[in-house]
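Chain and residue survey
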Amino acid sequence: MPELKPRKTLFNPELRRRGIYVLPNLFTTAALFCGFFAIVQAMTGNFEHAAVAIFVAMILDGLDGRVARMTRTQSAFGAEYDSLSDMVSFGVAPALVIYAWALKDMGRLGWIAAFIYCVGAALRLARFNTSLEVIDRRYFQGLPSPAAAALVTGFFWVMIDKSIAAGEVRWLACGLVIFAGISMVSNLRFYSFKDVNLRRSVPFIFVVGIALSFAVLSYDTPVALFGLFVAYSLSGYFLALLRKLRRRPPPPASPPPV
């Protein structure tokens, strides 16, 4: 008589017995709320509030992992929950907000562009979750989904802040959304800043640079944030070009004159 294998339970009893860490998942839930809030604000036409909510979600997303490591409360549940939150805040929310703002009047091309971005974010997160042990910590493979969301969100935030109508830049918005979606699933390497040691002493000029950055950010926040993430989104292409130029073999030497 064949041996019957035990059925898999729907809920992990070990997880139920150990419970769930509150502090890091609190930040993740707050980031998820910001992504959902951005979608609701876009439905009511408050696109500037939606942009701010997505940027706040970025800050919260950067804090939850650091809080978990500082308090030693990392868990498999927290990692999965963080990915689902990122998909809403940096995948679905930016795609729906930019579609409602500029792409909905472009017909089929508009929602296809938004879908390219959305599926790019999903594939980017899935690849990140399955390649944690084989990638270089110093670099991300593909544009990170928070940076892609900031690129798209920063664009329409600048346009709204400068009173530029969506109809005037809809084609530019469409191209930017497709660019962000493709960049997320590319094999380009983007610097992760994970090897930056904040406990190490730095020159005094570094503190001056931080103060100037805050001054620029407070003077024109939408333009400063959009410019920052435009530079970061292009950095992967720039690094790839540099590596290609370095690997190019030198031209053959010409024969000496007779």
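Since the structure is predicted, the reported quantities are computational estimates derived from the model, not experimental observations.

1. Some points on the overall build of the chain
Secondary structure summary: the chain contains 9 helices and 2 strands in total. Across the 258 residues that make up the chain, the buried fraction comes to 36%. Only carbon and sulfur atoms are counted for the fraction: they give 68% of the accessible area of the chain, which is about 16,700 Å².

2. Observations regarding the packing of helix 2 (residues 22-43) against helix 3 (residues 47-70)
Where helix 2 meets helix 3, the closest approach of the two axes is 8 Å, and the angle between their N-to-C directions is 165°. If you check the angle between helix 2 and helix 3, you find them roughly antiparallel. Both helix 2 and helix 3 take part in a crossing whose hand is left-handed. Class assignment of the residues belonging to the contact of helix 2 with helix 3 gives a composition of 19 nonpolar, 3 polar and 2 charged.

3. Side note on the environment of Met43
Tracing the sequence through the fold places Met43 in helix 2. A relative accessible area of 69% means that Met43 is categorised as exposed.

The rules behind these values
Residues numbered from 1 in each chain as written. Predicted model: local features only at pLDDT ≥ 70, side-chain atom pairs only at ≥ 80, totals over all residues. Heavy atoms only, no water. Helix = DSSP H or I, 4+ residues; strand = E, 2+ residues; numbered from the N terminus. Buried < 20%, exposed > 50% of the residue type's maximum accessible area, 1.4 Å probe, protein only. Areas by Shrake-Rupley, 256 points an atom, 1.4 Å probe, with all protein chains shown as cover. Axes fitted to C-alpha atoms, helices over the stretch in contact; angles between N-to-C directions. Parallel < 35°, antiparallel > 145°, perpendicular 65-115°, else oblique. Left-handed = near helix turned anticlockwise from the far one by under 90°. Nonpolar A, V, L, I, M, F, W, Y, C, P; charged D, E, K, R; others polar.

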